[in-house]
Amino acid sequence: MKKKGILKEGWLFDISKKTEFYALITSIYADDPNTFTSCKITLVNRQKLLDLLMERSITLSALKKYILPEQRTHGKIKIDELHHRREGYLFASTKNKAEKPLNLILKLDFLEESGVAKRLA
């Protein structure tokens, strides 16, 4: 992510972050307007995620090779380290956000199968 022209590493690779688990909320349903009905909550273990990425050679420096200053790619970017349909990919938001983030998108099924995430009942 770029903020005021400076490349920022984001929460995952920021060693100053103390959070051990992240809760991902998906499948949010409402039967009536403004009436929350249900959702799915998945906990992600940050250290296990970092370990999995390291095993796949997905490091901050490895991801930087997909960021080219002159490139204005917007959207999905397939990376060699992940199967883009089953595991994940990068997503560049260069046209619709001021900070122009480059997000690592990982499939929930992949994270659960890898032991990195656990869906709460």
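Residues numbered from 1 in each chain as written. Predicted model: local features only at pLDDT ≥ 70, side-chain atom pairs only at ≥ 80, totals over all residues. Heavy atoms only, no water.

(A) Focus on the sheet that holds strand 7 (residues 102-106). Strand order in this open sheet of three strands is 5-6-7, and the pairing throughout is antiparallel. Looking at strand neighbours, the two that pair on one side only are strand 5 (75-77) and strand 7, the edges of this open sheet. Neighbour-to-neighbour, the strand axes of this sheet turn through a mean angle of 35°, independent of strand direction. Of the strand pairs in this sheet, strand 5 and strand 6 (residues 88-92) are connected by three bridges, and their pairing is antiparallel. Residue pairing for strand 6: Ile77 is matched across the bridge by Leu90. (Pairing = 2+ DSSP bridges. Helix = DSSP H or I, 4+ residues; strand = E, 2+ residues; numbered from the N terminus. Axes fitted to C-alpha atoms, helices over the stretch in contact; angles between N-to-C directions.)

(B) View of the sheet that holds strand 4 (residues 35-45). Ordered by their spatial adjacency, three strands build an open sheet running 3-4-8, and the pairing between neighbours is antiparallel. For this open sheet the edge positions go to strand 3 (21-32) and strand 8 (117-119), each flanked by a neighbour on one side alone. Shown here is a sheet whose adjacent strand axes are inclined to one another by a mean of 20°, direction ignored. Looking at chain direction, strand 3 and strand 4 are connected through nine bridges and run antiparallel. Residue pairing in the sheet places Tyr22 in a bridge with Val44 of strand 4.

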